[in-house]
Every structure is written in structure tokens, then in C-alpha cells.
Amino acid sequence: MYIKYGPDCAEPPVLPPVIHSSVTEQRVVQLMKDELYSLDNPGICLACGAYHSECEPDAEHYECEECGERQAFGAAFILCAGHYHKCTDPDTEV
Ligand SMILES: [Zn+2]
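Keep in mind the model is a prediction, meaning the values are calculated, not measured. (Residues numbered from 1 in each chain as written. Predicted model: local features only at pLDDT ≥ 70, side-chain atom pairs only at ≥ 80, totals over all residues.)

Draft legend 1. Expanded view of the overall build of the protein. Counting its secondary structure elements, the protein contains two helices and three strands. The secondary structure elements of the protein, listed N-terminal to C-terminal, are α-β-β-β-α. Expressed as a percentage of the 94 residues in the protein, the buried residues total 23%. Long-range pairs, those at least 24 residues apart, make up 48% of the contacts in the protein with a sequence separation of at least 6. (Helix = DSSP H or I, 4+ residues; strand = E, 2+ residues; numbered from the N terminus. Buried ≥ 20, exposed ≤ 12 C-beta atoms within 10 Å, placed from the backbone. Contact = placed C-beta atoms within 7 Å.)

Here you go:
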């Protein structure tokens, strides 16, 4: 289906210019592991780094209760899309 953006349509949300420094590969992977043993749907706000417990795995641009930005994403989506800071310390176990 062809979707036309016009003055009546909201702008498509975009990613924050800088992903919060707390959103690391290690943190996202840990959230994914924790998810296996709980009923949580973990997510993170890419703008402020706040943890969200009610994000579906593929959640995109949910409103963050901490900062008000629509930058809360599901952990699985963040991992798949690569929206995190890669670990640069080779001694850090993931
Ligand atoms: Zn936030």
C-alpha cells in the first residue's frame, strides 16, 4: 500500500542523533537473556537510556516515560537493527 505523507500526517519518527551511552551490546544482550526467564518485555529508550518493561520485542518508537521522547524500543529490535554501542573492550564478556 502506498502511504503518502502530507501536512495532516505526522512526520515519520526518526532515531535520536546520538544513542545514549548506556545502550551497549552487553546491556542489550543481558536484557535478552533475562527475558528468557521472566514475563518481562524489556526495552530501552535510545535517547535517555531508561529501561522499559513493557515493550514488545519489535516495539519501535514507544513514548518514554522518563524523557518524553518517542525513542523506546524493544530489546530484540535494538539488537537486530544494531542500534547500540558495540563493545570495544575485548575482556568484557557478553
Ligand atoms: Zn527516554
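Additional details are given in the paragraphs that follow.
Draft legend 2. Seen up close, the sheet that holds strand E1 (residues 43-45). Reading across the sheet, the three strands line up as E2-E1-E3 and stay open at both edges, with antiparallel pairing between neighbours. Edge positions in the open sheet fall to strand E2 (51-52) and strand E3 (72-74), since each of these has one partner strand only. (Pairing = 2+ DSSP bridges.)

Draft legend 3. Layout of the nonpolar core. Within the largest apolar cluster, 15 residues are counted, with the highest numbers of intra-cluster contacts made by Ile-44 and Ile-78. When contributions to this core are tallied by element, the ones reaching two or more residues are helix H1 (25-36), E1, E3 and helix H2 (75-81). Take this core: its biggest share by element is three residues, from H2. Setting aside residues no more than four positions away along its own chain, Ile-78 makes contact with Val-23, Val-28, Ile-44, Phe-73, His-83 and Tyr-84. (Core = buried A, V, L, I, M, F, W, Y, C linked by C-beta atoms within 7 Å.)

Draft legend 4. Representation of unusual backbone geometry. One non-glycine residue, His-61, lies in positive phi territory at about 55°. With respect to the helices and strands, His-61 occurs in the loop between E2 and E3.

Draft legend 5. Focus on the environment of Asp-40. Here Asp-40 shows up in the loop between H1 and E1. Judged by the 15 C-beta atoms lying within 10 Å of it, Asp-40 is partly exposed. The spatial distance from the C-alpha of Asp-40 to the C-alpha of Ser-53 is 5.7 Å, given a sequence separation of 13 residues.

Draft legend 6. Region of interest: H1. An ideal rise of 1.5 Å per residue puts 16 Å on 12 residues; H1 measures up with 17 Å between its terminal C-alpha atoms. Where H1 is buried, its residues contact H2. (Expected span 1.5 Å × (residues − 1).)

Draft legend 7. Structural detail: the environment of Ile-78. Tracing the backbone through its elements, the reader meets Ile-78 in helix H2. Ile-78 sits 35 residues away from Gly-43 along the chain, and the two C-alpha atoms are 8.3 Å apart.

By themselves these figures say nothing about function.
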